[in-house]
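Chains, contacts and geometry: an overview
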Amino acid sequence: MTTTEGLLELVVGPVAHGGHCVARHEGRVVFVRHALPGERVLAEVTEGGPRDRFWRADAVAVLTPSPDRVVPPCPFAGPGRCGGCDWQHAAPAAQRRLKADVVAEQLRRLAGIEVDVEVEAVPGPGVDAGTGLGWRTRVQLAVDAGGRAGFRRHRSHDVQVVDDCLIATDGVRALGLTHRRWPGAVAVEGVVPATGDDRLVVLTPSRPGRRPRLPDLPEGTSVAVAAAPGTTERVRGRTWVTEQVPLPTGPRSFRVTGSGFWQVHPGAAAVLVDAVHEALRPRPGEHALDLYAGAGLFAAALAGAVGPDGAVLAVEGDARAVADARRNLHDLPQVVVRQGRVDARLGGAGQADVVVLDPPRTGARRQVVEAVAALRPRAVAYVACDPAALARDLAYFGDAGYRLAGLRALDLFPHTHHVECVAHLVPAA
């Protein structure tokens, strides 16, 4: 019912993809943030009108709390504030159960796949597994008109200025990005790998060609400017950082330029390599494909497994990432790195015994899935950061003659709704 204060009194139903739960008001679906399944809340509608099929709302008061509810550790979490975290009001173990429910529901609804899902907590250097804090090695902040740094509010361009980010690592927090002014910038990113001494700040100027004024930064901090999409200009120090990863063949270093893609959780690279290796079990002499290869993480691991008599083809569209991958893999003659769209490069891929693909959040889509399946690899590892895109593409794989043989779900983004999955696919017959 609607209260006299204009709020909705709702009984909250199951979790939904995107960091909210589902409730109903007079037959209309209401997607409620800052609530948990089973709670009774007062909610303020944030989007929707009388003719809309559904509304969005924030729970602004909890009348009957869930036993999984906790006090958010960050004072900037909550209705109308920072949009970066979705589940700070839930205990970390409960967050993982909610994410497992989302993955299972998406697979069931979009791919017709019934599977039990358990989301694994992931350890890493400096990570507080009990609280889910201190894990983000790369943090990008928006900058408001006054030069102050913060995060966008949920579904808004407004900047919530903050004085700290508790999910960031100690190294990123030590940069003090939220305590400094950034005139002439629209964004500032801090990158501090969990191992080594690299520290990099990347600024995005408010106007092309203008270099923002720099505040004082800790000694030894490199600074770069994202001058244009895909380009990074040096201001001082390096434009890249070094990431150290323990691969099955031993530790290996990877250079990652500027704001280039790299997993932000310090334990992510190692656990993802382990999950991909577990799924593919690459053998000496085999031919492997690494699609959406980024800086070459999986290509390096595959090269060590297939050995000098095998072959690895890595395909990546971003020129900056390709340059990093070629440098990172230059000592592995069995690896060839090609730049270009994956769908365009797959036509000449030739033989493939095993394939790993790690597409962006939108997924690989039908054309790529069908091209991979046409190569008839004996095993495919699909790394996905969006359960809906994964489920859609698994349905395409099913149409192309492949079935899901296993799934690992990893909590690489505690306190957010994001979850990383590694799906193992094999020929259906």
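Here the structure is shown first, and the text comes after it.
As the structure is a prediction and not an experimental result, all values here were calculated from the model.

Looking only at helices and strands, the chain has eight helices and 23 strands in total. Over its C-alpha trace the chain gives a radius of gyration of 23 Å, about what one expects of a compact globule, namely 22 Å for 429 residues. Each principal axis of the C-alpha atoms in the chain carries an extent, and together these give about 75 × 60 × 40 Å. Within the chain, the fraction of its 429 residues that count as buried is 55%. Long-range pairs, those at least 24 residues apart, make up 60% of the contacts in the chain between residues at least 6 apart in sequence.

Turning our attention to the nonpolar core. Counting 72 residues, the largest nonpolar core has Trp 182, Val 188 and Leu 297 as the members making the most contacts within it. Sorting elements by how many residues they give to this core places helix H3 (residues 268–280) first, with nine residues. Sequence-distant contacts of Val 188, defined by excluding residues within four places in its chain, comprise Val 139, Gln 140, Leu 141, Val 143, Ala 149, Leu 177, Trp 182, Val 201, Val 202 and Leu 203. Ala 349, Val 372, Leu 404 and Cys 421 belong to the second-largest nonpolar core, a separate cluster that totals 38 residues.

Here we take up the sheet that holds strand S9 (residues 149–152). What the seven strands build is an open sheet, ordered S10-S9-S8-S11-S12-S13-S14; its pairing is mixed. Every other strand in the sheet has two partners, leaving strand S10 (159–161) and strand S14 (231–236) as the edge strands with one partner each. Neighbour to neighbour, the strand axes of the sheet diverge by 40° on average, direction disregarded. Relative to S9, strand S8 (residues 138–143) runs antiparallel, the two being bridged by two bridges. Each residue of the ladder has a partner; that of Ala 142, found in S9, is Gly 150.

Turning our eyes to something else, we now look at the packing of helix H7 (residues 365–374) against helix H8 (residues 387–399). Where H7 contacts H8, the axes come no closer than 9 Å and their chain directions differ by 40°. Classified by the angle their axes make, H7 and H8 are oblique. Here H7 and H8 pass one another in a crossing that is right-handed. In contact with Arg 365, Arg 366, Val 369 and Val 372 of H7, H8 contributes Arg 392, Asp 393, Tyr 396, Phe 397 and Asp 399. Tallied by class, residues from the contact of H7 with H8 come to four nonpolar, no polar and five charged.

Let us now look at the side chain of Gln 88. Looking at the element boundaries, Gln 88 is found in the loop between strand S6 (54–64) and helix H1 (92–111). On the basis of relative accessible area, Gln 88 is assigned to the buried category, the value being 4%. In this structure the side chain of Gln 88 is engaged in a polar contact, spanning 3.0 Å, whose partner is the backbone nitrogen of Cys 74.

What counts and how
- Residues numbered from 1 in each chain as written.
- Predicted model: local features only at pLDDT ≥ 70, side-chain atom pairs only at ≥ 80, totals over all residues.
- Heavy atoms only, no water.
- Helix = DSSP H or I, 4+ residues; strand = E, 2+ residues; numbered from the N terminus.
- Rg over C-alpha atoms; globule rule 2.2 N^0.38 Å.
- Buried < 20%, exposed > 50% of the residue type's maximum accessible area, 1.4 Å probe, protein only.
- Contact = heavy atoms within 4.5 Å.
- Core = buried A, V, L, I, M, F, W, Y, C linked by side-chain atoms within 4.5 Å.
- Pairing = 2+ DSSP bridges.
- Axes fitted to C-alpha atoms, helices over the stretch in contact; angles between N-to-C directions.
- Parallel < 35°, antiparallel > 145°, perpendicular 65-115°, else oblique.
- Left-handed = near helix turned anticlockwise from the far one by under 90°.
- Nonpolar A, V, L, I, M, F, W, Y, C, P; charged D, E, K, R; others polar.
- Polar contact = N/O pair within 3.5 Å; in protein donor to acceptor, adjacent residues only side chain to side chain.

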